[in-house]
Amino acid sequence: MIAFGAVVLVFAIIGLISTIGFVGKGVSSLVSQDSRREEYEWLIMPVVLQDPAPFSSPDSLTDSTIITAGIWRLIMNEDMSAYPTDSMNFVTVPETDVEIQIRELFGDVDYTHQTVGDTALMITYDEANKSYVFPAVPYIMAYTPDVEEIETVDSETVVLTVGYIPPGLVWQSDTDGRSYQPEAEKMMYYTLKQNENDEWQIYAVENAGLNGHDNADGSLPAEESSAPESDAAEESAAAEPESAPAESSEQESSAEGESASQEEPAA
């Protein structure tokens, strides 16, 4: 009995160790996946903020999208207090610093330094000083990314299924105080590729609507309307009164026939 108990105890310890190892690996895997999601979301943020048209390679991007993405990445990753700021809180940044950010995002892509943006967010290029002037803390945002799925194509390529969260707080609360994340307004595919330094860069963006589940522009499908059923019901209701006179006529004819058959014997 002592030997049997010892064997059972050994197997119990082995099972406990295996369970702890399995749970540990599972937790580690989830933490690693969440870390990858955050890394990818941070990488694609400068592009998602602009909501540009789909593109098949960085070379097909407009100069405006490339430069604006570089500016956003600079704001997100660098200490903006290191640059001179005027009384209107506009910062001046050398074009070389923006070039570094663009290279990190898209690799060696061709573009021409110029003034970009619109009345909402104007990024002015100072050709004389080879620098950009823009608000130190821009507030204009179109969308923020939510990476919902990560597909590994090969060792150097991944495809992200990205939800576009509309403007506003990423986390909101309902009337009962419960927090929730707003639903995405559209879905897009982001293709990332690794460069020679094993760093991820944005290569292409595609409408998720091409998979047949969403609309062609990547926006989520609206609920189907019940109008056709309603129209069919109305047509059916309208058709019923028309059949009523025919039934009435048949009943009258039958009644007249019975009456005639009763009168003939009496004659």
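As a convention, each chain's residues are numbered from 1 in the sequence order in which they are written. Given that this is a predicted model, residues contribute local features only at a pLDDT of at least 70 and side-chain atom pairs are listed and counted only at 80 or more, while totals for whole chains, interfaces and linings are drawn from all residues. Note that the side-chain values use all heavy atoms of the structure and ignore hydrogens as well as water.

### Notes on the overall build of the protein chain
Put simply, the rule is: Counting from the N terminus, the helices are the DSSP runs of H or I reaching at least four residues and the strands are the DSSP runs of E reaching at least two.
Summing up its helical and strand segments, the protein chain has four helices and ten strands in all. In the protein chain, the succession of helices and strands from N to C terminus is α-α-β-α-β-β-β-β-β-β-β-β-β-α.

### A closer look at the pairing of strand S3 (residues 122-126)
Spelled out, the test is: The buried label applies to any residue whose accessible area, calculated with a 1.4 Å probe on protein chains only, is under 20% of its type's maximum; exposed applies above 50%, and partly exposed to all values in between. Strands qualify as paired when DSSP identifies two bridges or more between them.
Burial along S3 is one-sided: Ile123 and Tyr125 are buried, while Met122, Thr124 and Asp126, pointing the other way, are not. The sheet contact formed by strand S2 (residues 116-117) and S3 spans two bridges and is antiparallel. In the strand pairing of S3, valine 116 is matched with isoleucine 123. Bridge count for S3 against strand S4 (residues 131-135) is three bridges, and the pairing is antiparallel. Bridging across to S4, aspartate 126 finds its partner in serine 131. Counted between consecutive antiparallel strands, the loop separating S3 from S4 contains four residues, among which lysine 130 sits at a positive phi close to 50 degrees.

### Quick look at a negative patch on the surface
Quick note on the threshold: Patch definition: residues with relative accessible area over 30% and no salt bridge; like charges joined within 9 Å; nonpolar side chains (Val, Leu, Ile, Met, Phe, Trp, Tyr) joined within 5 Å. Areas reported as accessible are Shrake-Rupley estimates using a 1.4 Å probe. Residue values count occlusion only from the protein chains shown. Between Lys or Arg on one side and Asp or Glu on the other, a salt bridge is scored when a side-chain nitrogen of the former is within 4 Å of a carboxyl oxygen of the latter. Working convention for charge: Lys and Arg count positive, Asp and Glu count negative, and His plus the chain ends are omitted. A single reference atom marks each charge: NZ on Lys, CZ on Arg, CG on Asp, CD on Glu.
Together, Asp154, Glu156, Glu196, Asp198 and Glu199 line one region of the surface with negative charge. Along the chain, the position of glutamate 196 falls in the loop between strand S9 (186-194) and strand S10 (200-207). With relative accessibility at 70%, the residue glutamate 196 sits in the exposed group.

### Some remarks on the sheet that holds S3
Operational definition: Contacts are residue-level and defined by heavy atoms, with any inter-residue pair within 4.5 Å sufficient. What counts as an axis is a line fitted to C-alpha atoms, over the stretch in contact for a helix, and the angles between N-to-C directions run from 0 to 180 degrees.
Pairing is antiparallel across the open sheet formed by four strands, whose spatial order is S1-S4-S3-S2. A strand with exactly one partner marks an edge of an open sheet, and here the two such strands are strand S1 (90-94) and S2. Here helix H2 (residues 63-77) sits on the sheet in contact with S1, S2, S3 and S4, set at roughly 70 degrees to S4. Running at roughly 75 degrees to S1, helix H3 (residues 95-106) makes contact with S1, S3 and S4 of the sheet.

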